[in-house]
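So the chains spell out like this:
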Amino acid sequence: MTTSHGRIDKRQAILRGAFAVFARQGYAQACVQEIADEAGVAKPTVYNHLTDKATLFKHAVQEAAQLALQQRLAALEPLAAPGDDLRATIEGVGHELLRLHCDERSCALRRLLYSEITRFPDILDVVLESGPHRLTQALADRLARLTLSGRLRAADPERAAEQLLALLVGPLEARSRMGTRPIDDDELWEVTRAAVDTFLQVYGAADRITAVVTP
């Protein structure tokens, strides 16, 4: 059992080290020795776990996408029991999703996809299945439950989920200059509140949403 756990831990260290190196250097410039050094293992150990550089890249990107998905699914948890102030809960969830979208690992993952998609066209399907598609489904499930309880009026929860995510993430590519400009927390809240306000104008049950009070 110890050996099995040790092998799993070593594989994860290799994948995370590989992702860090690929994010810094790009695929073409990255070398397996540098990945081994980053992971704290011998170079032959890398090859024992993952047979070549291309396989290493695909698994490293997949692992990064799955980790990002786990964090985003956890961010949805407050929607399971939103309390009386649904607007505040959705804003809190939206802000956390934006914070995760703008973190260093997520930005690095998107940069790798943009730069290497022609070399690895199948990697997009892997990332989409581990990321946006699963997140949309999970958010749609939360919105459907809120609709059934009368808190929202989303006739099509999956479409509502897609639109909420688009309202949140859509402005960020331009605002961040394709991930090259940091966005501070005040600006993240500004984007969040604007997105949630638009979303609730369409899907909010008017008698159940706490109104925004403008001083």
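All figures in this text were calculated on a predicted structure; none of them were measured in a lab. (Residues numbered from 1 in each chain as written. Predicted model: local features only at pLDDT ≥ 70, side-chain atom pairs only at ≥ 80, totals over all residues. Heavy atoms only, no water.)

## Side note on the overall build of the protein chain
Right, on to step 1. Tallying secondary structure elements over the protein chain gives 11 helices and zero strands in all.
Right, on to step 2. For the protein chain, the N- to C-terminal ordering of α and β elements is α-α-α-α-α-α-α-α-α-α-α.
Right, on to step 3. Within the protein chain, the proportion of its 215 residues that are buried is 41%.
Right, on to step 4. By sequence separation, contacts in the protein chain at least 24 residues apart represent 71% of the contacts at least 6 residues apart.
Right, on to step 5. A total of about 11500 Å² of accessible surface is found on the protein chain, and carbon and sulfur atoms cover 53% of it.
Right, on to step 6. On the protein chain, the mean spot of the 26 positive side-chain charges and the mean spot of the 29 negative ones are 3 Å from each other. (Helix = DSSP H or I, 4+ residues; strand = E, 2+ residues; numbered from the N terminus. Buried < 20%, exposed > 50% of the residue type's maximum accessible area, 1.4 Å probe, protein only. Contact = heavy atoms within 4.5 Å. Areas by Shrake-Rupley, 256 points an atom, 1.4 Å probe, with all protein chains shown as cover. Lys, Arg positive; Asp, Glu negative; His and termini not counted. Charge placed at Lys NZ, Arg CZ, Asp CG, Glu CD.)

## Comments concerning the packing of aromatic side chains
Right, on to step 1. Evaluation of the coordinates by the stated rule reveals six aromatic pairs.
Right, on to step 2. Centroid distance phenylalanine 22 to tyrosine 27: 5.8 Å. Interplanar angle 20 degrees. Geometry classified as stacked.
Right, on to step 3. On the accessibility criterion, tyrosine 27 (11% relative accessible area) is buried.
Right, on to step 4. Ring geometry for tyrosine 27 against phenylalanine 57: centres 5.4 Å apart, planes inclined by 80 degrees, an arrangement best described as edge-to-face. Of this pair, tyrosine 27 sits in helix 1 (residues 2-29) while phenylalanine 57 is found in helix 4 (residues 53-75), placing the two residues 30 residues apart along the sequence. Exposure class is identical for tyrosine 27 and phenylalanine 57. Each is buried.
Right, on to step 5. Linked through ring pairs, Phe22, Tyr27, Phe57 and Phe120 together constitute an aromatic cluster.
Right, on to step 6. Over the aromatic face of tyrosine 27 sits the side chain of lysine 53, whose NZ or CZ is 4.6 Å from the ring centroid. (Phe/Tyr/Trp six-rings, centres within 6.5 Å; stacked < 30°, edge-to-face > 60°. Lys NZ or Arg CZ within 6 Å of the ring centre and 35° of its normal.)

## Concerning helix 11 (residues 185-203)
Right, on to step 1. With 19 residues, helix 11 extends 26 Å between its outermost C-alpha atoms, agreeing within 8% with the 27 Å of an ideal straight helix rising 1.5 Å per residue.
Right, on to step 2. Taken together, the buried positions of helix 11 are Glu187, Leu188, Val191, Thr192, Ala195, Val196, Phe199, Leu200 and Tyr203.
Right, on to step 3. Buried residues belonging to helix 11 abut helix 5 (86-101), helix 8 (132-148), helix 9 (157-169) and helix 10 (172-175). (Expected span 1.5 Å × (residues − 1).)

## Quick word on the confidence of the model for the protein chain
Right, on to step 1. Per-residue confidence for the protein chain gives a mean pLDDT of 88; residues scoring 70 or more make up 92%.
Right, on to step 2. At the level of individual helices and strands, the protein chain shows its lowest average pLDDT in helix 7 (residues 123-130), which scores 78, and its highest in helix 5, which scores 97.
Right, on to step 3. Counting contacts from residues 207-215, a segment whose pLDDT is below 50, to residues more than four positions away or on other chains yields 14 contacts. (pLDDT = per-residue confidence, 0-100.)

## Focus on the side chain of threonine 89
Right, on to step 1. Relative to the helices and strands, threonine 89 is located in helix 5.
Right, on to step 2. Judged by relative accessible area, which is 12%, threonine 89 ranks as buried.
Right, on to step 3. If near-sequence neighbours (up to four positions away) are discounted, threonine 89 is found in contact with Pro78, Leu79 and Pro82.

## Quick notes on the environment of arginine 134
Right, on to step 1. Considering the arrangement of structural elements, one finds arginine 134 in helix 8.
Right, on to step 2. With 64 residues separating them along the chain, arginine 134 and glutamine 70 place their C-alpha atoms 10.0 Å apart.
Right, on to step 3. Arginine 134 has contacts with Leu69, Leu73, Leu128 and Glu129, leaving out every residue within four places of it along the chain.

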